[in-house]
Amino acid sequence: LCTAGLLVSSHYNDRILRYSFRSRLPSIFVPTGSGGLDAPSKLICGPDGRLYVTDQASHRVIRYDGLTGAFEDVFVTAGSGGLQTPVGLDFGPGGNLYVASHATNEILRYDGITGAYIDEFVPYGSGLDGPTGLVFGPDDDLYVCSLNSDKVLRFDGATGAPLGDFVAAGSGGLDAPRG
């Protein structure tokens, strides 16, 4: 559904654009401010075919129809579980939603169906310094970009336990990784 074109967040004008794979022409998929959208960052097509968007300025995750771009609901409410400045998200192997809380240096876990807060999957003090992009790898471990320390960290995908640096600080000239 939401992968029928290239969807791109337009951070400063608060909308989501869809670019055609054939013509490369843009169209507005989520209009400016739809559902209160303010500073969209990461977006992902969920396993249910809906579009999930981190709303940085409002500290929440918003859900849109994956076919039409129509606002559906606020999936993760403002500040739920201490969420501040969400910038990255991914669905894990078990179907839960994991969100990078940039301002608190944590990865928070939410129920993938209801959006209810579960826990701090990667708590403060686990080595993150400005987490941004995150993704579960083919090994089911979690890989997280650490913006301020210029590296990518790896965490056990089942427990959240730190497994060390996957990409060492500055390796290959890495600077302020985001995704």
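Now for a description of the structure that goes with this document. (Residues numbered from 1 in each chain as written. Predicted model: local features only at pLDDT ≥ 70, side-chain atom pairs only at ≥ 80, totals over all residues. Heavy atoms only, no water.)

## Topic: the sheet that holds strand 6 (residues 60-64)
Sheets are built from strands paired through backbone hydrogen bonds, the pairs being either parallel or antiparallel. The line we're drawing: Strands pair, by our definition, only if DSSP identifies at least two bridges between them. Here a helix means four or more residues in a row that DSSP labels H or I, a strand means two or more in a row labelled E, and each is numbered from the N terminus. Axis lines are fitted to C-alpha atoms, over the contacting stretch for helices. Their N-to-C directions set the angle, which ranges from 0 to 180 degrees.
An order of 4-5-6-7 is seen for the four strands of this open sheet, with the pairing classed as antiparallel. The open sheet has two edge strands, strand 4 (40-45) and strand 7 (71-76), and neither has a second partner. Pairs of neighbouring strands in the sheet enclose a mean axial angle of 25 degrees, with direction left out of account. In this sheet, strand 7 lies alongside strand 6 in antiparallel orientation, the contact comprising four bridges. Residue Arg63 lies in a different strand from strand 7, and its bridge partner there is Asp73.

## Here we look at the environment of Leu7
Put simply, the test is: The contact criterion used is simple: two residues touch if any of their non-hydrogen atoms lie within 4.5 Å.
Positionally, Leu7 belongs in strand 1 (residues 6-10). What Leu7 contacts, discounting residues up to four positions off in sequence, is Cys2, Ile16, Leu17, Arg18, Phe29, Leu43 and Leu51.

## What about the packing of aromatic side chains?
We describe a pair of aromatic rings using the distance from one ring centre to the other and the angle between the two ring planes. As a reminder of what qualifies: For this analysis, a ring pair means two rings from Phe, Tyr or Trp (six-membered ring only for Trp) whose centres lie within 6.5 Å, classed as stacked if their planes differ by under 30 degrees, edge-to-face if by over 60, and tilted for the remaining angles. When accessible area is computed with a 1.4 Å probe and restricted to protein chains, residues below 20% of their type maximum are described as buried, those above 50% as exposed, and intermediate ones as partly exposed.
Summed over all chains, the structure comprises seven aromatic pairs. Taken together, a centroid distance of 5.1 Å and an interplanar angle of 80 degrees make the contact between Tyr52 and Phe75 edge-to-face. On the criterion of sequence distance, the pair formed by Tyr52 in strand 5 (residues 51-55) and Phe75 in strand 7 is long-range, its members being 23 residues apart. Here Tyr52 matches Phe75 in class, with each residue buried. Judged by centre distance (5.0 Å) and plane angle (75 degrees), the ring pair of Tyr98 and Phe121 falls under edge-to-face.

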